[in-house]
Amino acid sequence: MSEGFDYDLVILGAGVGGHGAALHAVSCGLKTAIVEAADMGGTCVNRGCIPSKALLAASGRVRELRNAHHLKSLGIQLGNVEFDRQGIADHANNLVAKIQGDLTNSLKRLGVDIIRGWGKVAGTQKVTVTTDSGEKTITAKDIILSPGSVPFVPPGIQVDGKTVFTSDQAVKLESLPEWVAIIGSGYIGLEFSDVYSALGSEVTMIEALDQLMPGFDRDIAKLAERVLIANRDIETHVGIYAKKVIPGSPVIIELANFKTKEDVDVLEVDACLVATGRIPATQNLGLDSVGVELDRRNFIPVNDNMAVLSAGEPVPHLWAIGDATGKMMLAHAASAQGIVAVENICGRRKEVDYPSIPAAAFTHPEISYVGMTETAAKEKGSAEGWAVGTTKSYFKGNSKALAEGEADGMAKVIYRKDTGEVLGVHIFGMHASDIIHEASAAIANRQSVHTLAHLVHAHPTLSEVLDEAYKRAVA
Ligand SMILES: Cc1cc2nc3c(=O)[nH]c(=O)nc-3n(C[C@H](O)[C@H](O)[C@H](O)COP(=O)(O)OP(=O)(O)OC[C@H]3O[C@@H](n4cnc5c(N)ncnc54)[C@H](O)[C@@H]3O)c2cc1C
Ligand SMILES: NC(=O)c1ccc[n+]([C@@H]2O[C@H](COP(=O)([O-])OP(=O)(O)OC[C@H]3O[C@@H](n4cnc5c(N)ncnc54)[C@H](O)[C@@H]3O)[C@@H](O)[C@H]2O)c1
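Just so you know, the residues in each chain are numbered from 1, in the order the chain's sequence is written. Whichever chain is written first is A, and whichever ligand is written first is 1; the rest continue in order. Per-residue local features of the predicted model are confined to residues with pLDDT of at least 70, and side-chain atom pairs are confined, for both listing and counting, to 80 or more; whole-chain, interface and lining totals are unaffected and use all residues. The basis for every side-chain value is the complete set of non-hydrogen atoms in the structure, without hydrogens or water.

For clarity, the cut-off: UniProt positions are given in the numbering used here, feature names are shortened, and annotations may be inferred rather than shown by experiment.
In the nomenclature of an unreviewed UniProt entry, the protein chain is known as Dihydrolipoyl dehydrogenase of Tolypothrix bouteillei VB521301. According to UniProt, the comment filed for the protein chain under the heading Catalytic activity (unreviewed entry) is "N(6)-[(R)-dihydrolipoyl]-L-lysyl-[protein] + NAD(+) = N(6)-[(R)-lipoyl]-L-lysyl-[protein] + NADH + H(+)".

See the structure below:
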C-alpha cells in the first residue's frame, strides 16, 4: 500500500463505473474505498438498465403471446393473455433489489470499504465525505470520480413525478396510462414506447429533430421506424418540440415547430415521459480545489487514459470515468473506462477503444451497433482519401429467423474499400444485442471483411446474418 495514505484508491460514486473500477483495483492489489451518496449501483442498477430491461422482458412476452397471427403461423393457439401491472412492476423492483445486493456484497467480499455520504475533492490526493455523523477527510494516492448523470428536462417542461415524469419514475411502472406522450425518440423513448405499446397504452412520440431516432444509422432507423413505430400505430410528431408541458389530469403539451418556433398544436394526454437526454452530475465535486474546470456542457474533461485534464494537461492522481465524462453514456463503457483508469494508476498505459464498444436498444426486435455510421465513415474517408463500402444482409434470408417467424431485420456492414477494415456494423432484428459482439471483436482487432468472410458460422444461427454481409462485401 502507498505509504502515508489512508487508501491507494478512493472512488467517488458506486455506479457501474465505480464498481468496475473497484473490482479491477482489488485484483491489482490496491487498497480501495468507494463513496456513495445515494443508492449503491447508481443509475444502471436502480433507475436504468436493470429495471428497464425487466419491464421490456415482461412486456415483450405480453406482445408475443398476444400476437395471435404470429402464433397461428407456428401452429399455436392461445386464449386470452392477461397481465398484472403490479406483478410486472414487482419483477423490475425485485430484480433491482437483487442486483443491488449482489453488487454491494461483491465489494464487501473483496474488502472494498464502502463509505456512505457525499464525497468531494479537497485538494491533491484528498477527499472529504459528508456523512450522517459529520465530515471526514480521507487521503488516497489516487482518486477516481464516477458521479454519473441525471435526466435532462428542457426548459418549459414541469415534472411532477406522477403525470409528467422521467425514466427515474417510469421504471417503477406505478401506473399504465391509457395515452402517454413520449418526448424524445432516443434510447429511452424507443424502449419505453416498446413497453407501453405492448401493454396496451396509446403512444404519441415527439421528436425535435427532423427524423426519428436521429442517433442511429439512417438505413437501420428507417427500417426500425417501420417495424417499431409505424406497424404499431404509434402517432409521431417529428421536427416538433414540446415547448411547454403542464402536469395534471389531463397533461397539457404545447407543441411548436423546432425550426420556426411557431406553435403547431396542443395535446391533452394522460401522462408524459420526458426522455430528452441526460446531463452530468458534476456540481459540488470540489474540482476547483485542484484547479479543474468543467467543459461547456459540464462534463469532466479527460484524456483517453481517463486522467482528468486542467488546461489540457493531466492532473496528477485524479481520474474520471462514466457518464460524467460524456464520452459514451453506457454502463459497459463506464466500467471499461474504470478498468483503463486503474491500469494507468498501476503504471500500465492503456486507452479506451471507443470504436469497438457496442451499444443496443432492447426493443422488440432489438437495434445494435458498433463503430461508425455510414455518414460518419464517409466524412472520415473523404478527409483521409479513402472510399467507404457498405453491404447489407437481411433476416428474411436467414433460416433461423424464418424458423422463428421473426424475419424483420437487417445487418449493415461499413468498411474501407481499400483495406477491407470494418468501420461499423449496425443490426436491427431479433437478438441484435447479442449478435453484435462478433462485430465488436472484429473492430477491436481491426479486421478486414476479407478475413471475416472466411470465418465459419454454425448453421442455422442468427449470426449467419453477419456471415452473409461479410461474404457480400467481398463477392
Ligand atoms: C432508463 C435507462 C436505461 C438504461 N439502459 C442501459 C442499458 O440497457 N445499457 C447500458 O449500457 N446503459 C444503459 N443506461 C445508461 C447507464 O445507466 C449509465 O451509462 C450508467 O449507469 C453510467 O454509470 P456511472 O457509473 O457513470 O454513473 P451512475 O450509474 O449514474 O452512478 C453514479 C453514482 O455516483 C453517486 N454520486 C454522485 N456524486 C457523488 C458524490 N459526490 N459523492 C458520492 N456519490 C456520488 C450517485 O449517487 C450514483 O449512485 C440506461 C440509462 C437509463 C436512464
Ligand atoms: N439500451 C441502452 O443502452 C440505453 C437505454 C436507455 C438509456 N441509455 C442512455 O441514456 C441516455 C439518455 O437516453 P435518452 O433517450 O433520454 O437520450 P437520447 O440522447 O438517446 O435521445 C434524446 C432524444 O430526445 C430528443 N429531444 C431533445 N429535446 C427534445 C425536445 N424538447 N422535444 C422533443 N425531442 C427532444 C433528441 O433529439 C433525441 O433524439 C442515452 O444517451 C443512453 O446513453 C442507454
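**Things to note about the overall build of the protein chain**
Quick reminder of the rule: Runs of E in the DSSP output that reach at least two residues are strands. Runs of H or I that reach at least four are helices, and both are numbered from the N terminus. The globule rule used for comparison is 2.2 Å times the number of residues to the exponent 0.38, while the radius of gyration itself is calculated over C-alpha atoms. Using a 1.4 Å probe on the protein chains alone, a residue whose accessible area is under 20% of its type maximum counts as buried, one over 50% counts as exposed, and one in between counts as partly exposed. Residues count as neighbours in contact if any of their non-hydrogen atoms are within 4.5 Å of one another. Computed with a 1.4 Å probe, the accessible areas rest on the Shrake-Rupley method; for each residue, only the protein chains presented here act as cover. Counted as positive: Lys and Arg. Counted as negative: Asp and Glu. His and the chain ends are not counted at all. All charge positions are set by atom: Lys at NZ, Arg at CZ, Asp at CG, Glu at CD.
For the protein chain, the helix and strand inventory stands at 14 helices and 23 strands. For a compact globule of 475 residues, the expected C-alpha radius of gyration is about 23 Å, and the protein chain comes in at 24 Å, within 12% of that figure. Dimensions of the protein chain along its principal axes, counting C-alpha atoms only, are 70 × 60 × 50 Å. Counting every position in the protein chain, which comprises 475 residues, the buried fraction comes to 51%. Here the contacts in the protein chain between residues at least 6 apart in sequence split such that 63% fall between residues at least 24 apart. Carbon together with sulfur atoms contributes 51% to the accessible area of the protein chain, which is approximately 21200 Å² in total. When the 44 positive and 57 negative side-chain charges of the protein chain are each reduced to one mean point, those points stand 3 Å apart.

**Overview of the packing of helix 3 (residues 49-66) against helix 7 (residues 187-198)**
Helix-helix packing: each pair is described by the crossing angle between the helix axes and the interaxial distance. Just so we agree on the cut-off: Axes, fitted as lines to C-alpha atoms, cover a helix only where it is in contact. Angles between the N-to-C directions of the axes lie from 0 to 180 degrees. Reported orientations rely on four angle classes, namely roughly parallel under 35 degrees, roughly antiparallel over 145, roughly perpendicular from 65 to 115, and oblique for the rest. A crossing counts as left-handed when the near helix is turned anticlockwise from the far one by less than a right angle, and as right-handed when that turn is clockwise. Think of it as three bins: nonpolar holds Ala, Val, Leu, Ile, Met, Phe, Trp, Tyr, Cys and Pro, charged holds Asp, Glu, Lys and Arg, and polar takes everything else, Gly as well.
Contact geometry for helix 3 and helix 7: axes closest at 8 Å, N-to-C directions at 45 degrees. Classed by the angle they form, the pair helix 3 and helix 7 counts as oblique. Our pair here, helix 3 against helix 7, has a crossing hand that is left-handed. Within the contact between the two elements, helix 3 uses Ser-52, Lys-53, Leu-55, Leu-56, Ser-59, Val-62, Arg-63 and Arg-66 and helix 7 uses Glu-191, Phe-192, Asp-194, Val-195, Ser-197 and Ala-198. When its residues are assigned to classes, the contact of helix 3 with helix 7 shows six nonpolar, three polar and five charged.

**Focus on the packing of helix 3 against helix 5 (residues 85-109)**
One way to put it is that helix 3 packs onto helix 5 with a least axis distance of 8 Å and a crossing angle of 145 degrees. For the element pair helix 3 and helix 5, the recorded crossing hand is right-handed. Residues Ile-50, Pro-51, Ala-54, Leu-55 and Ala-58 of helix 3 form the contact with helix 5, whose own contacting residues are Ile-88, His-91, Ala-92, Leu-95, Val-96 and Ile-99. Of the residues that constitute the contact of helix 3 with helix 5, the class distribution is ten nonpolar, one polar and no charged.

**Observations concerning the side chain of Thr-204**
Turning to its location among the elements, Thr-204 is positioned in strand 10 (residues 202-207). When near neighbours in sequence (up to four residues on either side) are disregarded, Thr-204 contacts Trp-179, Val-180, Ala-181, Ile-182, Glu-235, His-237 and Leu-267.

**Considerations on the packing of aromatic side chains**
Worth spelling out the cut-off: Any two rings among Phe, Tyr and Trp, with Trp reduced to its six-membered ring, count as a pair given centres within 6.5 Å; such a pair is stacked if its planes are under 30 degrees apart, edge-to-face if over 60, and tilted if neither.
What the rule picks out here adds up to four aromatic pairs. Judged by centre distance (6.3 Å) and plane angle (90 degrees), the ring pair of Phe-216 and Tyr-369 falls under edge-to-face. Note that Phe-216 is positioned in the loop between strand 10 and helix 8 (218-229) and Tyr-369 in strand 20 (residues 366-371), a separation of 153 residues in sequence. Under the relative-accessibility criterion, Phe-216 is labelled buried at 8%. Seen in terms of ring centroids, Tyr-241 and Phe-258 are 5.8 Å apart; in terms of plane orientation they differ by 75 degrees. Their pairing is edge-to-face. In this pair, Tyr-241 is assigned in strand 12 (residues 240-246) and Phe-258 in the loop between strand 13 (251-257) and strand 14 (263-269), connecting sequence segments 17 residues apart. The exposure class assigned to Tyr-241 is partly exposed, which follows from its relative accessible area of 21%. On the accessibility criterion, Phe-258 (33% relative accessible area) is partly exposed.

**Things to note about the site of ligand 1**
Quick note on the threshold: A molecule or strand has a residue near it when one of that residue's heavy atoms lies within 4 Å. Polar contacts here mean pairs of N or O atoms no more than 3.5 Å apart (in protein, one a potential hydrogen donor and the other a potential acceptor; neighbouring residues in sequence count only if both atoms are side-chain atoms).
Residues in contact with ligand 1 amount to 36 residues; listed here are only the nearest, Glu-36, Thr-43, Lys-53, Gly-119 and Asp-323. A distance of 2.8 Å is found between an oxygen atom of ligand 1 and a side-chain nitrogen or oxygen belonging to Asp-323. When isolated, ligand 1 has an accessible area of 1000 Å², and the protein chains bury 93% of it. At the level of secondary structure, the elements contributing two or more residues to the shell around ligand 1 comprise helix 1 (16-27), strand 2 (32-36), helix 2 (42-47), helix 3, strand 4 (118-121) and helix 9 (331-345). Among the elements that take part in the shell around ligand 1, helix 2 stands out by supplying four residues, more than any other. The residue inventory of the shell around ligand 1, partitioned by class, reads 15 nonpolar, 15 polar and six charged.

**Digging into the sheet that holds strand 11 (residues 235-238)**
Put simply, the test is: The pairing criterion is simple: DSSP has to find at least two bridges between the two strands.
Taken in spatial order, the five strands of this open sheet run 8-15-9-10-11, and their pairing is parallel. The open sheet has two free edges, formed respectively by strand 8 (164-165) and strand 11, since each of these has just one partner strand. Examined bridge by bridge, strand 10 and strand 11 share four bridges and lie parallel to one another. Paired with Met-205 across the bridge in strand 11 is Thr-236.

**Concerning the domain arrangement of the protein chain**
Under the convention used in this document: For the domain bounds, the source is a domain assignment made automatically or taken from a database.
The domain architecture assigned to the protein chain consists of domain 1 (7-48 + 90-148 + 281-352), domain 2 (151-276) and domain 3 (356-474). Centre-to-centre separation of domain 1 and domain 3, based on C-alpha positions: 34 Å.

**Focus: a nonpolar patch on the surface**
The line we're drawing: Surface patches are defined over residues having more than 30% relative accessible area and no salt bridge, joining like charges when they lie within 9 Å and nonpolar side chains (Val, Leu, Ile, Met, Phe, Trp, Tyr) when within 5 Å. Salt-bridge detection follows one rule: a side-chain nitrogen of Lys or Arg within 4 Å of a carboxyl oxygen of Asp or Glu.
A contiguous nonpolar patch, built from Leu-65, Leu-74, Ile-76 and Leu-78 and spanning about 320 Å² of accessible area, is present on the exposed surface. In this structure, Leu-74 sits in the loop between helix 4 (68-73) and helix 5. According to the relative accessible area criterion, Leu-74 is partly exposed, its value standing at 40%.

**Some remarks on the site of ligand 2**
Taken together, 25 residues are adjacent to ligand 2, and Ile-188, Glu-207, Gly-277, Met-329 and Ala-360 come closest. With respect to ligand 2, the side chain of Glu-207 contributes an N or O atom lying 2.6 Å from an oxygen atom. When ligand 2 is considered free in solution it has 850 Å² of accessible area, and contact with the protein chains removes 79% of it. Taken together, the elements giving at least two residues each to the shell around ligand 2 come down to helix 7, strand 10 and strand 12. For the shell around ligand 2, the per-class residue count stands at 16 nonpolar, five polar and four charged.

**Let's talk about the pattern of salt bridges**
Going through the model one piece at a time under the given rule, you end up with 21 salt bridges. Here Asp-194 makes a salt bridge to Arg-232, at a shortest N to O gap of 2.7 Å. Here Asp-194, found in helix 7, pairs with Arg-232, found in the loop between helix 8 and strand 11; they are 38 residues apart in sequence, far enough to count as distant. A relative accessible area of 19% means that Arg-232 is categorised as buried. Among the salt bridges present, the one from Lys-378 reaches Glu-374, with a minimum N-O distance of 2.7 Å. Of this pair, Lys-378 and Glu-374 both sit in helix 10 (residues 374-384), four residues apart, roughly one helical turn. Each of Asp-217, Asp-219, Glu-374, Lys-378, Lys-392 and Lys-412 takes part in one network of salt bridges that share partners.

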